[in-house]
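Results of the structural survey
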There are 2 protein chains.
Amino acid sequence: MHHAGAGDMTTSTSGLASTMQANLLVLPSRYANDFRDLCLRNPVPCPLLEVLPVKHYNSRLASHSDIDVRSDIPAYNVYENGRLRETVTDVKKEWTDDHVGFLIGCSYSFETALKNNGLAPRSMTQNIAVPMFETNIPLNPAGVFTGGFYVVSMRSYKRKDISKVREITRAFQKQHGEPIAWGWDGAERIGVKDKVHKGESDFGDSLLVPEDEEPVFWGCGVTPQVAVKNSNIEGVVLSHKPG
Amino acid sequence: MHHAGAGDMTTSTSGLASTMQANLLVLPSRYANDFRDLCLRNPVPCPLLEVLPVKHYNSRLASHSDIDVRSDIPAYNVYENGRLRETVTDVKKEWTDDHVGFLIGCSYSFETALKNNGLAPRSMTQNIAVPMFETNIPLNPAGVFTGGFYVVSMRSYKRKDISKVREITRAFQKQHGEPIAWGWDGAERIGVKDKVHKGESDFGDSLLVPEDEEPVFWGCGVTPQVAVKNSNIEGVVLSHKPG
């Protein structure tokens, strides 16, 4: 839910974010089936880890049985009718008996594996949020969720390392898996080349790609949040605060 | 594997095509993991129904235990090093002990449901192959399968019927599910508007969209075949003959 940084997955002793690294999205129950379909039809940007039924606030994926996802995440965004209403540190009041929670895989999960192979991404070593971009790749629609495009996270590598990077992250199938595009031609194909080249980003921090490296793009768990925001659904939607 | 036509799913008494309606693709075993990943990462155009391990030629999805997928399909394409070598009615010789088979869902499965709701597509009632188009939507790459775009099948409906059509086909999750695009703006977004407008098609038969109707597009099981063909993999690849 935040950039836990090197080693946190194993050394941290408390908290949901650092122990399971997932994206949280909470919706009124009438949208739950459509949202589940959206995830199942778009598993690369929206890998569904777990559904929390109404009145369930503990994830089976968490390291502690006393985790309460309504308060154990650093910060939450509260949306009402598609607009950000506020950012809070506890959503026990907003998470009603009609809300269903979804946990979505997160690419930070594979960064430790990259680091262990001498391929730590710069965003990780500098402890900043990975740069994220909205692409031109449309999501497969599902019910009310008819809009939306893939959001990708970007890390840069030397051209010779890209096949190794692809191979390492391929195994993390529930955490976006291998990249969806790489190289400057890949950046152009998914519609983000100019922004990447200028060191801009749509979400997260910004990073210039060094001259001897090329951008590599993975599906990103911010995708479902943007899709939900764009779908004009009614009522209160909750999410972890990205970044 | 072919357009079985109205009622065949229930009235036919023999044959793989009419009883299970699936797309077949057979690859050298060294590509099997990458191809499985390609399907799992692109479940809408490539819904994986079953993997047939080496030396397995009977599908658990078939209605008869004596079905042999090497000979019970009307016709097969044999590719060698990415090029069509021949079309045959039996592949017992070509399907070696090193080949793995994949069965992919087929949109013909939901046409009976559409018909039962008074929404039979014209390709079905005219007993012609549904028009298919290669779009501009890139597949999520997987291992050696780094190229390829969604192929879609097209059926046309009155605008007022599209939400019903979406709803009916949504349930067929392993047969491409609900449409990925609809309307002329949808056709434009996925890069096929001109061809659809002219009544052309990339695969299958051609059909002009009547003036009071709009095109509706579903993921299509020809997608993985095109992806494999574009990936320059070596050796002998087998598939059912589409259409």
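The shown structure was predicted, so the numbers you read here are calculated from the model rather than taken from an experiment.

Criteria and thresholds
- Residues numbered from 1 in each chain as written.
- Chains lettered and ligands numbered in written order.
- Predicted model: local features only at pLDDT ≥ 70, side-chain atom pairs only at ≥ 80, totals over all residues.
- Helix = DSSP H or I, 4+ residues; strand = E, 2+ residues; numbered from the N terminus.
- Rg over C-alpha atoms; globule rule 2.2 N^0.38 Å.
- Buried ≥ 20, exposed ≤ 12 C-beta atoms within 10 Å, placed from the backbone.
- Contact = placed C-beta atoms within 7 Å.
- Nonpolar A, V, L, I, M, F, W, Y, C, P; charged D, E, K, R; others polar.
- Domains from an automatic or database assignment.
- Least-squares fit on C-alpha atoms with pLDDT ≥ 70 in both.
- Pairing = 2+ DSSP bridges.
- Axes fitted to C-alpha atoms, helices over the stretch in contact; angles between N-to-C directions.
- pLDDT = per-residue confidence, 0-100.
- Core = buried A, V, L, I, M, F, W, Y, C linked by C-beta atoms within 7 Å.

When helices and strands are tallied, chain A shows nine helices and ten strands. Computed over its C-alpha atoms, the radius of gyration of chain A comes to 17 Å, within 12% of the 18 Å expected for a compact globule of 243 residues. Projected onto its principal axes, the C-alpha coordinates of chain A cover approximately 50 × 40 × 30 Å. Scored against the burial criterion, the 243 residues of chain A give a buried share of 47%. Within chain A, counting contacts between residues at least 6 apart in sequence, those at least 24 apart form 72% of the total.

Another aspect to go through is the interface of chain A and chain B. Each partner contributes to the interface: chain A provides 13 residues, whereas chain B provides 13 residues. Along the lines of polarity and charge, the residues of the side of chain A that touches chain B split into eight nonpolar, two polar and three charged.

A few words now on the domain arrangement of chain A. Residue and element names in this part refer to chain A. Here the domain parsing of chain A yields domain 1 (8-106 + 231-240) and domain 2 (108-223). Taken residue by residue, the interface counts 21 residues in domain 1 and 22 residues in domain 2. Breaking the side of domain 1 that touches domain 2 down by element, the ones donating at least two residues are helix 3 (32-41) and strand 5 (99-105). Here the side of domain 1 that touches domain 2 is built from residues that sort into twelve nonpolar, six polar and three charged.

Attention shifts here to the relation of the copies chain A and chain B. Note on the copies: chain A fits chain B at an RMSD of 0.0 Å, the axial shift is 0.0 Å, and the rotation between them is 180°. Classification of the inter-copy transformation places it as that of a two-fold axis. Considering only C-alpha atoms, the residue of chain A closest to the rotation axis is I137 of chain A, which sits at 3.2 Å. Here 100% of the interface residues in chain A have copies in chain B that are interface residues too; the copies meet face to matching face.

Moving on, we come to the sheet that holds strand 2 (residues 48-52) of chain A. Residues and elements named next belong to chain A. What the six strands build is an open sheet, ordered 2-5-1-10-3-4; its pairing is antiparallel. What marks the edges here is a single partner per strand, and that holds for strand 2 and strand 4 (83-88). Within this sheet the neighbouring strands show an average axis-to-axis angle of 20°, counted without direction. The pairing of strand 3 (residues 76-80) with strand 10 (residues 236-240) spans five bridges and is antiparallel.

A word on unusual backbone geometry. One non-glycine residue with positive phi stands out, namely K55 of chain A, at about 70°. Here K55 of chain A shows up in the loop between strand 2 and strand 3. Backbone geometry at H176 of chain B places phi at a positive 85°, although glycine is not the residue there.

All names here are of chain A. Across the seven residues of strand 5, seven count as buried, placing the element largely inside the fold. Side-chain alternation along strand 5 places H99, G101, L103 and G105 on one buried face and V100, F102 and I104 on a second face that is also buried. With seven bridges connecting them, strand 1 (residues 22-28) and strand 5 associate as antiparallel partners. Across the sheet, L25 pairs through a bridge with F102, a residue of strand 5. In this sheet, strand 5 lies alongside strand 2 in antiparallel orientation, the contact comprising four bridges. Each bridged residue has a counterpart across the sheet, and for L48 the counterpart in strand 5 is I104.

With that out of the way, let us pick up the sheet that holds strand 7 (residues 149-157) of chain A. Residues and elements named next belong to chain A. Spatially, four strands are ordered 6-7-9-8 in an open sheet, and the strand pairing comes out antiparallel. Edge strands, defined here as strands with exactly one partner in the open sheet, are strand 6 (132-138) and strand 8 (181-182). Note that strand 8 and strand 9 (residues 214-219) share two bridges and pair antiparallel. Across the sheet, residue A181 finds its bridge partner in strand 9, namely F217. Contacting strand 7, strand 8 and strand 9, helix 6 (residues 162-170) runs over the sheet at an angle of about 15° to strand 9.

This part takes up the confidence of the model for chain A. Summing up the model confidence of chain A, the mean pLDDT is 88 and the portion of residues at 70 or higher is 91%. The low-confidence segment residues 1-19 of chain A (pLDDT under 50) makes 41 contacts with residues lying over four places distant or belonging to another chain.

The next thing to look at is the nonpolar core. With 114 residues, the main nonpolar core has V152 and F217 of chain A together with V152 and F217 of chain B as its most contacted residues. Sequence-distant contacts of V152 of chain A, defined by excluding residues within four places in its chain, comprise M132, F133, T135, I180, I190, F217, W218, G219 and C220 of chain A.

With that settled, the discussion passes to helix 3 of chain A. Buried within helix 3 of chain A are the following residues: F35, L38, C39 and R41 of chain A. Packing partners of the buried residues in helix 3 of chain A comprise strand 1, strand 2, strand 5 and helix 9 (223-230) of chain A.

What follows concerns helix 9 of chain A. Buried residues dominate helix 9 of chain A, accounting for six of its eight residues. Inspection of helix 9 of chain A places T223, P224, Q225, V226, A227 and V228 of chain A among the buried residues, and these make up the whole buried set.

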